[in-house]
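# Close look at the chain arrangement
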Amino acid sequence: MNQKQLEQMKNGRGFVGALDQSGGSTPKALKAYGLTEDAWKNEDEMFDLIHQMRTRMIKSPAFATGKLVGVILFERTMRGQIDGMNTADYLWEKLSIVPFLKVDKGLQELQDGVQLMKPFPGLDDLLNDATKYHIFGTKMRSVIKEANEKGIKAIVDQQFEWGKQILAHDLVPILEPEVDIHCPDKAEAEQILKREILAHLDKLDRPVMLKITLPTEDNLYKEVIEHPNMLRVVALSGGYSREHANELLARNKGVIASFSRALAEGLSAQQSDEEFNATIEKSVDDVYQASIK
């Protein structure tokens, strides 16, 4: 494991950008970027367009300001290149940004108020590739829709099971048991989630990271943040506007952003480079300021 990257993820001032839209969320991300489905003929062309968008973001001056400590990549982005360099190498060597990889393959159907991750027999093979591409860590998402104890326990069990498999490859997992912001009993679900996470952390012998929905109760995850087996806690924007997500983030001490849609808010394929760079610079600065408060 790269010790400089480990130190940066533990103590670096800044936030984690999420550029990991997958097959299901890519059309929505491209639409927000001003590209409708008639802009591509097949999946390969669609992913080429999202890679162009991500490359434009990464190469913008905003990404060279030192305000991003890490970036989460989609698998195709990891395997792609920027200016002749593998994406992860470009991020670290050119920008000092730690590269992560999204490794889940989507969600199962709703059961017991949650959506577990789909089984992924090829996880070890992907993790082997990730180490070859100089990836530092991984991220995997599951979703909690209700305050169902059985379902939430199953979510956390699965996240930590995958986490241990990832740690065995000397990679740092970002566990992401997202609580849907529209969950009718969100505060109760978050209390159950916190309890289950702490129970699992006590049994680990190496640190992991955690990506959470901004909680209903400010500073709910204080004990998790301070746990010796927690490297860093980051937060998703979860459907909130960037402004509202930043407000919530600033109220949760020790949590930094890991925004995807909110980070790209306002960006358009039709913008000039000057307009695009100005928009993303403001976005990066706003998220950074909320992350360091």
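Residues numbered from 1 in each chain as written. Predicted model: local features only at pLDDT ≥ 70, side-chain atom pairs only at ≥ 80, totals over all residues. Heavy atoms only, no water.

### A short note on the overall build of the protein
Where we set the bar: Numbering of helices and strands runs from the N terminus; a helix is a DSSP stretch of H or I covering at least four residues, while a strand is a stretch of E covering at least two. When we talk radius of gyration, it's over C-alpha atoms, and the globule rule is simply 2.2 Å times the number of residues to the 0.38. Exposed residues in this analysis have more than 50% of their type's maximum accessible area, buried residues have under 20%, and partly exposed residues fall in between, with area computed by a 1.4 Å probe over protein chains only. Any two residues whose heavy atoms approach within 4.5 Å at even a single point are treated as in contact. For the area figures, the Shrake-Rupley method with a 1.4 Å probe applies, and any residue is considered shielded solely by the protein chains shown. Counting rule applied: Lys, Arg positive; Asp, Glu negative; His and chain ends not counted. Every charge is mapped onto a representative atom, which is NZ of Lys, CZ of Arg, CG of Asp or CD of Glu.
Broken down by element type, the protein carries 12 helices and 11 strands. In summary, the protein has a C-alpha radius of gyration of 18 Å against a globular reference of 19 Å for 293 residues, a match within 12%. With the C-alpha coordinates aligned to their principal axes, the bounding extent of the protein is approximately 50 × 40 × 40 Å. Sorting the 293 residues of the protein into buried and exposed places 56% on the buried side. For the protein, the share of sequence-separated contacts (at least 6 apart) that also reach a separation of at least 24 residues comes to 73%. Accessible area of the protein: about 12,800 Å², with a carbon and sulfur share of 47%. Across the protein, the 37 positively charged side chains and the 45 negatively charged ones have centroids separated by 2 Å.

### Looking at the UniProt feature "active site" (unreviewed entry) in the protein
The test is simple: UniProt positions are given in the numbering used here, feature names are shortened, and annotations may be inferred rather than shown by experiment.
Feature annotation in UniProt places "active site" (unreviewed entry) on Glu176 and Lys211, given in this structure's numbering. A stretch of 36 residues holds the annotated residues, and the largest C-alpha distance among them is 4.7 Å, short enough that they meet in one place. Tracing the sequence through the fold places Glu176 in strand S8 (residues 172-179). Since its relative accessible area comes to 2%, Glu176 is described here as buried. Excluding anything up to four places from it in sequence, Glu176 contacts Lys139, Met140, Arg141, Ser142, Gln159, Lys211 and Leu236. Excluding its chain neighbours within four sequence positions, the residues that come into contact with Lys211 are Ala18, Ile72, Lys139, Ile174, Leu175, Glu176, Pro177, Val234, Ala235, Leu236 and Ser258.

### Observations concerning the side chain of Ser283
Assignment of secondary structure puts Ser283 in helix H12 (residues 273-292). Taking relative accessible area as the criterion, Ser283 reaches 0% and is therefore assigned buried. Apart from residues lying up to four places away in sequence, Ser283 is in contact with Arg242, Ala262 and Leu263.

### Points about the pairing of strand S2 (residues 68-73)
What counts here: Each pair of strands is called paired provided DSSP finds at least two bridges between the two strands.
Taking burial as the measure, the six residues of S2 include six buried ones, the bulk of the element. Of the strand pairs in this sheet, strand S1 (residues 15-19) and S2 are connected by five bridges, and their pairing is parallel. Following the sheet pairing, Gly17 is matched in S2 by Val71.

### Overview of the nonpolar core
The criterion, for reference: We call a set of buried residues a nonpolar core when its members are Ala, Val, Leu, Ile, Met, Phe, Trp, Tyr or Cys and they connect through side-chain atoms within 4.5 Å of each other. Where each domain starts and ends comes from a domain assignment, either automatic or drawn from a database.
Among the nonpolar cores identified, the biggest contains 87 residues, and Met57, Phe63, Val103, Leu201 and Val224 are the most heavily contacted of them. Structurally, this core is a two-domain feature, drawing no fewer than three residues from each of domain 1 (15-102 + 237-292) and domain 2 (104-231). Apart from the residues within four sequence positions on either side, Phe63 is in contact with Leu19, Met57, Ile58, Leu68, Val71, Leu95, Ile97, Leu263 and Ile280. Core analysis: the second largest hydrophobic core is formed by 14 residues, Val16, Ala18, Val172 and Ile174 among them.

### Brief notes about the packing of aromatic side chains
Ring pairs (aromatic) are described by centroid distance and by the angle formed between their planes. Applied cut-off: For this analysis, a ring pair means two rings from Phe, Tyr or Trp (six-membered ring only for Trp) whose centres lie within 6.5 Å, classed as stacked if their planes differ by under 30 degrees, edge-to-face if by over 60, and tilted for the remaining angles. Over a ring means this: the NZ of a Lys or the CZ of an Arg is within 6 Å of the ring centre and within 35 degrees of the ring normal.
Scanning the entire structure with this criterion turns up three aromatic pairs. For the pair Phe47 and Phe74, a centre-to-centre distance of 5.3 Å together with 25° between the ring planes defines the contact as stacked. Here Phe47 is found in helix H3 (residues 43-58), whereas its partner Phe74 is found in the loop between S2 and helix H4 (75-79), with 27 residues between them in sequence. Given a relative accessible area of 7%, Phe47 falls into the buried group. With a relative accessible area of 11%, Phe74 lands in the buried category. Over the ring of Phe276 we find Arg56, and its NZ or CZ is 4.0 Å from the ring centre.

### Points about helix H5 (residues 87-95)
Listed as buried for H5 are Thr87, Ala88, Asp89, Tyr90, Leu91 and Leu95. Along its buried surface, H5 packs onto H3, S2, H4, strand S3 (81-82), strand S4 (85-86) and strand S5 (98-102).

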